[in-house]
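Notes for the structure review
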Amino acid sequence: MFRSSSFHTIDAKGRVIIPSRFRNILKADKIYGVMVSNKDDCLYAYTFSEWEKVETRILSAKSSAMGDFRRFFLGNSCDCMCDKQDRILIPKSLREYANLEKDIVLVGNLDRFEIWARDKWDEINKRMEQKLKKEEVKEEIASLGL
């Protein structure tokens, strides 16, 4: 499972170093790399095994809205193999979508990790912090025993 956050830079060619705790998960999978797609102003990165599960779930959804999502999410996906320096090369179209220019954050989200522009991540974190202070949200979190 992907957990925690790592602050990195993306180089001019679009290469990102995978943190060692994420590398261990990727190396345990059948292929050393990730499937990356765009969603929520960031990039979602899945192991190839997890990606197969995602595709199966998407294929089972039949609404027209899901058809549009399927076209968007799968149509923009790309396999990004890890090189000998444990980096992935993110295609320009995906970098542009997520506005990845230099400072980035890799955020573990259990079944995937997300790749955010640092300034966007900071903005999202501030909004989440305010949202988590709402009473109904605090109650729901408390119901989990947290």
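Along each chain, residues carry numbers from 1 onward, in the same order as the chain's sequence is written. With pLDDT at 70 or above as the cut-off, local features in this predicted model cover only qualifying residues; side-chain atom pairs require 80 or more to be listed or tallied, and sums for whole chains, interfaces and linings still use all residues. Note that the side-chain values use all heavy atoms of the structure and ignore hydrogens as well as water.

**A word on the pattern of salt bridges**
Applied cut-off: Salt bridge, as used here: a side-chain nitrogen of Lys or Arg that lies within 4 Å of a carboxyl oxygen of Asp or Glu. For helices the rule is a DSSP run of H or I covering at least 4 residues; for strands it is a run of E covering at least 2, with both sets numbered from the N terminus onward.
If you walk through the whole model with that rule in mind, you get 14 salt bridges. With its nearest N and O atoms 3.1 Å apart, the salt bridge here joins K39 to D40. As a salt-bridge pair, R71 and D68 come within 3.2 Å of each other at their nearest N and O atoms. You can see R71 and its partner D68 sitting in helix 3 (residues 64-75), 3 residues apart, about one turn around the helix.

**Some details on the side chain of S6**
Under the convention used in this document: Relative accessibility thresholds used throughout: buried, under 20% of the residue-type maximum; exposed, over 50%; partly exposed, between the two (1.4 Å probe, protein chains only).
For S6, the location among the structural elements is in strand 1 (residues 5-9). The class for S6 is buried, based on a relative accessible area of 8%.

**Observations regarding helix 2 (residues 48-60)**
Short version of the rule: Expected span of a helix, by definition, is 1.5 Å for each gap between consecutive residues, and there is one gap fewer than residues. The directions from the helix axis to the C-beta atoms are what the arc is built from. Any two residues whose heavy atoms approach within 4.5 Å are treated as being in contact.
Taking 1.5 Å of rise per residue, the 13 residues of helix 2 would be expected to cover 18 Å, and the 19 Å separating its terminal C-alpha atoms lies within 8% of that figure. Considered for burial, the residues of helix 2 that qualify are F48, E50, W51, V54 and I58. When helix 2 is viewed along its axis, its buried side chains cluster within an angular range of 145° and face the same direction. More than 90 degrees from the buried face of helix 2, the exposed residues found are T56 and S60. Buried residues along helix 2 sit against strand 3 (33-39), strand 4 (42-46), helix 3 and strand 5 (78-81).

**Observations regarding the sheet that holds strand 1**
Basically, it comes down to this: One bridge is not enough; two strands pair if DSSP finds at least two bridges between them. An axis is simply a line fitted to the C-alpha atoms; with a helix, the fit covers only the stretch in contact. Between two such axes, the angle follows the N-to-C directions and lies from 0 to 180 degrees.
Pairing is antiparallel in the open sheet, where 6 strands are placed in the order 1-7-8-4-3-5. A strand with exactly one partner marks an edge of an open sheet, and here the two such strands are strand 1 and strand 5. In this sheet, adjacent strand axes meet at a mean angle of 30° when their direction is disregarded. Sheet analysis places strand 4 next to strand 8 (residues 113-117), joined by 3 bridges and oriented antiparallel. From the neighbouring strand, L43 faces strand 8, where its bridge partner is I115. In the packing of helix 1 (residues 20-28) onto the sheet, the strands contacted are strand 1, strand 3, strand 7 (103-108) and strand 8, and the crossing angle to strand 7 comes to about 55°. Packed on one face of the sheet, helix 3 meets strand 3 and strand 4 and runs near 135° to strand 3.

**Considering the packing of aromatic side chains**
To keep it simple, the criterion reads: Any pair of Phe, Tyr and Trp rings, taking the six-membered ring for Trp, is counted once the centres come within 6.5 Å. Such a pair is stacked with planes under 30 degrees apart, edge-to-face with planes over 60 apart, and tilted for the rest. We call a charge positioned over a ring when the NZ of a Lys or the CZ of an Arg lies within 6 Å of the ring centre and within 35 degrees of the ring normal.
Applying the stated criterion across every chain yields a total of 10 aromatic pairs. Put simply, the rings of Y44, Y46, W51, F69 and F73 pair up and form one aromatic cluster. One residue, R21, lies across the ring of F22, its end atom 5.4 Å from the ring centre. The ring of Y44 carries the charged tip of R112 above its face, separated from the ring centre by 4.0 Å.

**Side note on the nonpolar core**
To be explicit about the condition: The definition of a nonpolar core used throughout is a set of buried Ala, Val, Leu, Ile, Met, Phe, Trp, Tyr and Cys residues joined through side-chain atoms within 4.5 Å.
Ranked by size, the top nonpolar core spans 22 residues in total, and within it V34, L43, I88, I90, L100, F113 and I115 carry the most contacts. Among the secondary structure elements, those contributing two or more residues to this core are helix 1, strand 3, strand 4, helix 4 (92-98), strand 7 and strand 8. Examining the composition of this core, we find that 3 residues originate from one element, strand 8, more than from any other. Not counting chain neighbours up to four residues away, the residues in contact with F113 comprise F2, I18, F22, V34, L43, Y44, A45, L106, V107 and G108. In this structure, C42, Y44, Y46 and V54 belong to the second largest nonpolar core, which totals 14 residues.

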